[in-house]
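Below are the chains, spelled out letter by letter.
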Amino acid sequence: MLEASKAERRDTPAARARLGLLVVGSFVLLLYAIEIVNSLTMHSLNATFGLRPRSADGLLDILTFPLLHANLAHLLSNTLPLIIFGFLVFLSGVRVFATALASSWLGSGAAVWLIGGFNITVGASGLVFGLFAFLLVRGFFNRHWGQILLSLVLFLAYGGILFGMLPIVAGYVSWQAHLGGAAGGVVAALLLSRRR
């Protein structure tokens, strides 16, 4: 009985918010630590661990390419949305966050590997798009008005980034990673749907 009440106290919204800040913040700090090492080695890590489409080695790169960035500016552009979207997803629990992140990661990597261009792809923007897409659609799958309201607010604030999924964006942007990440986020929302 006592153990159950301790577990309930640990799973309050405030506790989840604290843990979410810790987990998402730690992940972002890891990205900055990797970027420092990458910068010191003239971004040689990108050539080794960046995703090379349609190559056998590239399949393993799916696990590493979101951890690397082209430069500090690239990482900075992903930082704030990654923190905001990651934190908001984490408020629904560790399992939800892990599922949404993994699905976005794999979806982004699979899309780049299958339909990416000839360049090496790096960056966490596929994760950003995946977490954003998850937040946009989960309320509709769950028929939850609070989540739908949040998705509308997020769409008004950040909806413009969805153009990054179109092939017409700048040539240096991996629309394939964005599209695959977003698809992964939608799949995660469907898998975690309460109606299922």
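Reading the values: rules and limits
Residues numbered from 1 in each chain as written. Predicted model: local features only at pLDDT ≥ 70, side-chain atom pairs only at ≥ 80, totals over all residues. Heavy atoms only, no water. Helix = DSSP H or I, 4+ residues; strand = E, 2+ residues; numbered from the N terminus. Rg over C-alpha atoms; globule rule 2.2 N^0.38 Å. Buried < 20%, exposed > 50% of the residue type's maximum accessible area, 1.4 Å probe, protein only. Contact = heavy atoms within 4.5 Å. Areas by Shrake-Rupley, 256 points an atom, 1.4 Å probe, with all protein chains shown as cover. Lys, Arg positive; Asp, Glu negative; His and termini not counted. Charge placed at Lys NZ, Arg CZ, Asp CG, Glu CD. 1 Å grid on protein atoms, 1.4 Å probe; cavity = no way out; pocket = protein on both sides within 12 Å on 5 of 7 lines; lining within 4 Å. Points joined across faces, edges and corners; volume = space filled by probe spheres on them. Nonpolar A, V, L, I, M, F, W, Y, C, P; charged D, E, K, R; others polar. Patch = residues over 30% accessible without salt bridge, like charges linked within 9 Å, V, L, I, M, F, W, Y side chains within 5 Å. Salt bridge = Lys/Arg side-chain N within 4 Å of Asp/Glu carboxyl O. Expected span 1.5 Å × (residues − 1).

Next up on the list: the overall build of the protein chain. The number of helices and strands found in the protein chain is 9 helices and 0 strands. If you list the helices and strands of the protein chain from N to C, you get α-α-α-α-α-α-α-α-α. Against the globule reference of 16 Å for 196 residues, the protein chain gives a C-alpha radius of gyration of 17 Å, in line with a compact fold. Over its C-alpha atoms, taken along the principal directions, the protein chain stretches across nearly 55 × 35 × 30 Å. By residue count, 44% of the 196 residues in the protein chain fall in the buried class. Long-range pairs, those at least 24 residues apart, make up 76% of the contacts in the protein chain with a sequence separation of at least 6. With the model as given, the accessible surface of the protein chain reaches about 10500 Å², and the carbon-plus-sulfur share is 73%. Each charge class in the protein chain was averaged separately, 13 positive and 6 negative side chains, and the resulting centres sit 12 Å apart.

Where empty space is left becomes clear once a probe the size of a water molecule has been rolled over the atoms. Space inside the largest pocket adds up to approximately 710 Å³. As for the largest pocket, its lining consists of 32 residues, of which His-74, Tyr-172, Val-173, Ser-174 and His-178 are closest to the centre. Sorting the residues of the lining of the largest pocket by element identifies helix H5 (72-90), helix H7 (125-142) and helix H9 (175-191) as the ones contributing at least two each. A breakdown of the residues in the lining of the largest pocket according to their chemical character gives 17 nonpolar, 15 polar and no charged. There is about 170 Å³ of room inside the second largest pocket. Lining of the second largest pocket is provided by Ser-92, Arg-95, Val-96, Phe-134, Arg-138, Asn-142, Gln-147, Ala-189, Leu-192, Ser-193 and Arg-194. Listed by contribution, the elements that provide at least two residues to the lining of the second largest pocket are helix H6 (94-115) and H7. Top element by residues in the lining of the second largest pocket is H7. It accounts for 3 residues.

Nonpolar side chains collect at one region of the surface, where Leu-19, Leu-22, Val-23 and Val-94 lie side by side and expose about 320 Å² of accessible area between them. Top element by residues in the nonpolar patch is helix H2 (residues 13-40). It accounts for 3 residues.

Our focus in this paragraph is the environment of Arg-18. Take Arg-18: it is sitting in helix H2. With a relative accessible area of 58%, Arg-18 lands in the exposed category. Along the primary structure Arg-18 and Leu-91 are separated by 73 residues, whereas in three dimensions their C-alpha atoms are 9.3 Å apart.

Since one α-helical turn is 3.6 residues long, residues separated by three or four positions face the same way. With 17 residues, H9 should reach 24 Å at 1.5 Å per residue; the first-to-last C-alpha distance of 24 Å fits that figure. Where H9 is buried, its residues meet H6 and H7.

Turning our eyes to something else, we now look at the side chain of Thr-79. Summarising the element assignment, Thr-79 is placed in helix H5. Apart from residues no more than four positions distant in its own chain, Thr-79 is found in contact with Val-28 and Tyr-32.

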